[in-house]
Amino acid sequence: MTSKQIDAPAHRRPGWPEIAVGLLAMVAATVVLLLLGPLGGPLDPDSLAYGLAVTAWSGVAGIAGFAAAAAVRIRSWAAFGVRRTSWRWMAAGVAAGLFVLGAKTVVNSVIVALTDFGETDPQGVFHDAAGGGVLPLVLTFLFLAVLTPIGEELLFRGVVTNALLRYGPVVGVVAGSVLFAVYHGVNFVLPSALIVGLVCAELMRRSGSVWPGVVVHAVNNSALPVYVMLS
C-alpha cells in the first residue's frame, strides 16, 4: 500500500478556521451534555438514561463539530476525506482495528502493573450503560461502534488531521492524534486513545478517506459492549 496524502488544493483543504470552529462546536456540545445532568439538568447523573446520553455524546459532539467546520467556507465534503474508498482499504481498517485492540491491551496491562492510573476507569459509565439490559446494551453498541466512530473520525481526522497535514505527515498524524487523545482526558484512557488516533490518522493519510479509520474505531469500540455481553 502506497502513501496517498490528500491532494486537495490549498484553498480547499480545511485549515485553522475549520479546526477552531469544529473544536469550539464540540466543546459547546459537551457543555450541553453537562447541562443535562451534573449542572442541574433534568437527568440524574447516576441514572441509566444519563449513562446512555454520555455514551452517545462523543459521536454527537463530533458530528456537531464537523458540521460547524464544514459550514465555514468549504462545501465539498471530499475535501474533508469524506469520499469513497476501496474494499482493500476497508479490510485494512479491520486488520488495523484488531491490531489496535491487541496493542492497547498490552499497554493498559503495563499501566495497571506499574502505576495506580488504572484504579479509576473513566469509561465505567459505558459499562454501566451496557449492563442495563438488552435494549441499553444494543443502544450502547450502536452509540460506541457506529455513532462515535463516525462523529470522532469526521472531526479529528476529516478536519483536524487533514488540516494539519499541510505541515507534513508527521505533524498532521501526530499532532492530530495528540489532540484526539487529550480530548478523551488525561487519564487511563489517554494512551489507548493515542494509539487509535495514530492508526486512524495514518490510514486516512494513506487512503485519502476517513472511512478506513471509522472501521478501525468501530472494531476497537465494539470490544466493550461485546465484553459486557459475554460477561
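Residues numbered from 1 in each chain as written. Predicted model: local features only at pLDDT ≥ 70, side-chain atom pairs only at ≥ 80, totals over all residues. Heavy atoms only, no water.

K.L.:
Would you take a moment to explain the overall build of the protein for this structure?
P.N.:
If you tally the helices and strands in the protein, you get nine helices and zero strands. Tracing the protein from N to C terminus, the helices and strands come up as α-α-α-α-α-α-α-α-α. Since a compact globule built from 231 residues should have a radius of gyration of about 17 Å, the 17 Å found for the protein is in line with a globular shape. Projected onto its principal axes, the C-alpha coordinates of the protein cover approximately 50 × 40 × 35 Å. (Helix = DSSP H or I, 4+ residues; strand = E, 2+ residues; numbered from the N terminus. Rg over C-alpha atoms; globule rule 2.2 N^0.38 Å.)

K.L.:
I'm lost on the packing of helix 7 (residues 190–207) against helix 8 (residues 211–221) in this one. Help?
P.N.:
Helix-helix packing: each pair is described by the crossing angle between the helix axes and the interaxial distance. Where helix 7 contacts helix 8, the two axes come as close as 8 Å, and the packing angle between them is 155°. For the element pair helix 7 / helix 8, the angle class is roughly antiparallel. In the crossing of helix 7 with helix 8, the sense of the turn from one axis to the other is right-handed. Residues Val196, Val199, Cys200, Leu203 and Ser207 of helix 7 form the contact with helix 8, whose participating residues are Pro212, Gly213, Val216, His217 and Asn220. A class-by-class count of the residues in the contact of helix 7 with helix 8 yields six nonpolar, four polar and no charged. (Axes fitted to C-alpha atoms, helices over the stretch in contact; angles between N-to-C directions. Parallel < 35°, antiparallel > 145°, perpendicular 65-115°, else oblique. Left-handed = near helix turned anticlockwise from the far one by under 90°. Contact = heavy atoms within 4.5 Å. Nonpolar A, V, L, I, M, F, W, Y, C, P; charged D, E, K, R; others polar.)

K.L.:
Help me understand helix 8, please; the structure alone is not making it clear to me.
P.N.:
Helical geometry note: an α-helix holds 3.6 residues per turn, so side chains three or four residues apart project in the same direction. The element helix 8 is largely enclosed, with a buried count of 10 among its 11 residues. Buried residues of helix 8: Pro212, Gly213, Val214, Val215, Val216, His217, Ala218, Val219, Asn220 and Asn221, and no others. Residues of helix 8 that are buried make contact with helix 3 (87–114), helix 5 (134–164), helix 6 (169–183), helix 7 and helix 9 (223–230). (Buried < 20%, exposed > 50% of the residue type's maximum accessible area, 1.4 Å probe, protein only.)

K.L.:
Just checking my understanding: could you explain the pattern of salt bridges for this structure?
P.N.:
Taken as a whole and judged by the stated rule, the model has four salt bridges. Close ionic contact of Glu18 with Arg73 constitutes a salt bridge, the shortest N to O distance being 2.6 Å. With Glu18 in helix 1 (residues 16–36) and Arg73 in the loop between helix 2 (48–70) and helix 3, this pair connects stretches of sequence that are 55 residues apart. By relative accessible area, Glu18 is classed as buried at 0%. On the basis of relative accessible area, Arg73 is assigned to the partly exposed category, the value being 46%. Glu202 is paired through a salt bridge with Arg205; the nearest N and O atoms lie 2.9 Å apart. Taken together, the residues span about one helical turn, with Glu202 and Arg205 both in helix 7 at a distance of three residues. Overlapping salt bridges bring together Glu202, Arg205 and Arg206 as one network. (Salt bridge = Lys/Arg side-chain N within 4 Å of Asp/Glu carboxyl O.)

Structural measurements only, silent on function.
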